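Spelled out, the chains give:
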Amino acid sequence: MRDPENADVTLYDLQRETPTRLTFDPGFDGYPLWSPDGQRVLFSSGREEGGSNVDSKAADGTGEVEEVTTSDSVQFQMSWSTDGQSFVVMDVTGGQVDLDVVSLGAENDIEGLIETEFFEVYGDISPDGRWIAYASNESGQTEVYVRPFPDVEDGRWQISRDGGSEPVWALDGRELFFRGGNRSNMMVVAVDNESTFSPGNPRSCSPRRIALRCRVGVGPGTAHQTDGS
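Residues numbered from 1 in each chain as written. Predicted model: local features only at pLDDT ≥ 70, side-chain atom pairs only at ≥ 80, totals over all residues. Heavy atoms only, no water.

**Brief notes about the overall build of the chain**
Quick note on the threshold: Helix numbers and strand numbers start at the N terminus; a helix is a DSSP run of H or I with at least 4 residues, a strand a run of E with at least 2. Throughout, exposure labels follow a simple rule: accessible area from a 1.4 Å probe, protein chains only, divided by the maximum for the residue type, with under 20% read as buried, over 50% as exposed, and the rest as partly exposed. Residues count as neighbours in contact if any of their non-hydrogen atoms are within 4.5 Å of one another. Using a 1.4 Å probe, the Shrake-Rupley method yields the accessible areas, and only the shown protein chains count as cover for residues.
Each helix and strand counted, the chain has one helix and 21 strands in total. Looking at the chain as a whole, 48% of its 229 residues are labelled buried. Relative to all contacts within the chain whose residues are 6 or more apart in sequence, the contacts with residues 24 or more apart total 30%. Accessible surface, the chain as shown: approximately 11,700 Å² in total, 46% of it carbon and sulfur.

**Some thoughts on the pairing of strand 6 (residues 40-45)**
On a regular strand, each side chain points to the face opposite its neighbour's, so the side chains alternate between the two faces of the sheet. Keep this limit in mind: Should DSSP find at least two bridges between two strands, the strands are regarded as paired.
For strand 6, the buried fraction is high: five of the six residues fall into the buried class. As paired elements, strand 5 (residues 29-34) and strand 6 share four bridges and run antiparallel to each other. In the sheet register, glycine 30 faces strand 6, and the bridge partner there is serine 44. What sits between strand 5 and strand 6 in their antiparallel hairpin is a turn of five residues, with glycine 38 showing a positive phi close to 75°.

**Some thoughts on the nonpolar core**
Test applied: The nonpolar core is taken to be a set of buried Ala, Val, Leu, Ile, Met, Phe, Trp, Tyr and Cys residues, with the residues joined through side-chain atoms within 4.5 Å.
In this structure, Val88, Met90 and Leu113 are the most contacted members of the largest nonpolar core, which totals 17 residues. Among the nonpolar cores identified, the runner-up in size contains twelve residues, and Val146, Val189, Val191 and Phe197 belong to it.

**Structural notes on the sheet that holds strand 7 (residues 53-58)**
Taken in spatial order, the four strands line up as 5-6-7-8 in an open sheet, and their pairing is antiparallel. Edge strands, defined here as strands with exactly one partner in the open sheet, are strand 5 and strand 8 (66-67).

**Re unusual backbone geometry**
For the bond running from phenylalanine 149 to proline 150, omega is 5°, close enough to zero to count as cis. A positive phi angle, close to 55°, is found at glutamate 17, a residue other than glycine. Secondary-structure assignment places glutamate 17 in the loop between strand 3 (10-13) and strand 4 (18-21). You can call glutamate 17 exposed: its relative accessible area is 59%. Phi at glutamate 166 is positive, roughly 55°, even though this residue is not glycine. Along the chain, glutamate 166 falls in strand 17 (residues 164-169).

**Some thoughts on the confidence of the model for the chain**
Selection criterion: One number per residue, pLDDT, summarises how confident the predictor is, and it ranges from 0 to 100.
Residue-level pLDDT values for the chain average 87, and 88% of them are 70 or greater. Contacts for the low-pLDDT stretch residues 216-229, under 50 throughout, to residues beyond four places or in other chains number 44 contacts.

**Topic: the side chain of serine 45**
Inclusion rule: Definition of a polar contact: a pair of N or O atoms within 3.5 Å, with one able to donate and the other able to accept a hydrogen when the atoms are protein atoms, and with sequence-neighbouring residues admitted only if both atoms are side-chain atoms.
Position of serine 45 among the secondary structure elements: in strand 6. Of the residues examined, serine 45 reaches a relative accessible area of 0% and is grouped as buried. Among the polar contacts listed, one links the side chain of serine 45 to the side chain of aspartate 29, at a separation of 3.0 Å.

**Examining the side chain of asparagine 193**
You can see asparagine 193 is positioned in the loop between strand 19 (186-192) and strand 20 (198-199). Of the polar contacts made by the side chain of asparagine 193, one reaches the backbone oxygen of glycine 173; its length is 3.4 Å. Here asparagine 193 is in contact with Asp128, Arg130, Trp131, Gly173 and Arg174, once residues within four sequence places are set aside.

**Side note on the environment of proline 199**
Counting through the fold element by element, proline 199 comes out in strand 20. On a C-alpha basis, the gap between proline 199 and isoleucine 159 in space is 7.0 Å, while along the polypeptide they are 40 residues apart. Sequence-distant contacts of proline 199, that is, excluding residues within four places in its chain, are made with Trp157, Ile159, Val189 and Ala190.

**So, the environment of glutamine 75**
With respect to the helices and strands, glutamine 75 occurs in strand 9 (residues 74-80). According to the relative accessible area criterion, glutamine 75 is buried, its value standing at 1%. A distance of 3.4 Å separates the side chain of glutamine 75 from the side chain of serine 71, its partner in a polar contact.

**What about the packing of aromatic side chains?**
Just so we agree on the cut-off: Pairing of aromatic rings covers Phe, Tyr and Trp, the last counted by its six-membered ring, and requires centre-to-centre distances within 6.5 Å; plane angles under 30 degrees mean stacked, over 60 mean edge-to-face, and any other angle means tilted.
One pass over the structure, following the stated rule, counts eight aromatic pairs. Geometrically, the ring pair formed by tryptophan 131 and tryptophan 157 is edge-to-face, given 5.7 Å between the ring centres and 80° between the ring planes. Residue tryptophan 131 is located in strand 14 (residues 131-136), and its partner tryptophan 157 is located in strand 16 (residues 157-158); the two are separated by 26 residues in the primary sequence. In this structure tryptophan 157 comes out as partly exposed when scored by relative accessible area, which is 23%.

So this is what it looks like as structure tokens:
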């Protein structure tokens with residue numbers, strides 16, 4: 001939630017219809033992402049000097065904010081691996097935007113995942129952990145692509161045809177939703193990924209259908225699935 005001078009992460013209880021503020025620092029805290037077990041919340045934070053990095057806090061509000069990444073970049077957390085041991089970040093350094101992966105541990109190591117001369121944004125890992133959907137402007141306009149995860153150099157498939165961004169997987173991994181080229185229309189592609197990756201043709205779909213097929217969360221112009229129904 002944002003006011004003219006600050007932004008903080010707030011949890012909203014859907015049953016009680018009650019908001020509870022999670023962060024209280026005067027610096028920017030935003031773009032929250034649930035951990036797979038629902039116990040912690042990742043968020044981009046401007047409280048440290050340098051860039052805007054990733055911090056976390058227990059979802060019940062107890063304990064202190066923990067620093068997860070430290071760099072001079074601006075980082076936005078995108079999605080978790082299915083085992084909860086790593087997550088993808090969108091890294092903005094100077095005029096370049098790439099996707100990195102953070103392996104959680106003593107050092108929380110950061111490694112480049114998809115790094116080219118173009119922009120790679122909105123990385124979303126499939127529910128089975130085998131694929132990552134993202135957007136890139138490598139063709140001259142922003143389109144949605146899929147690669148194997150974490151071995152991203154083992155293949156690449158273009159999903160959208162006339163522009164696309166902000167991909168999000170259905171909970172069963174059999175469909176991939178994304179914004180169309182004009183950003184006002186929603187698209188869906190059926191996916192057959194039993195043995196290899198085989199996408200169908202993009203077609204229009206309604207926001208209601210997306211709500212029924214995947215839980216949509218808040219990000220920097222992006223969406224993430226959770227374990228919703």
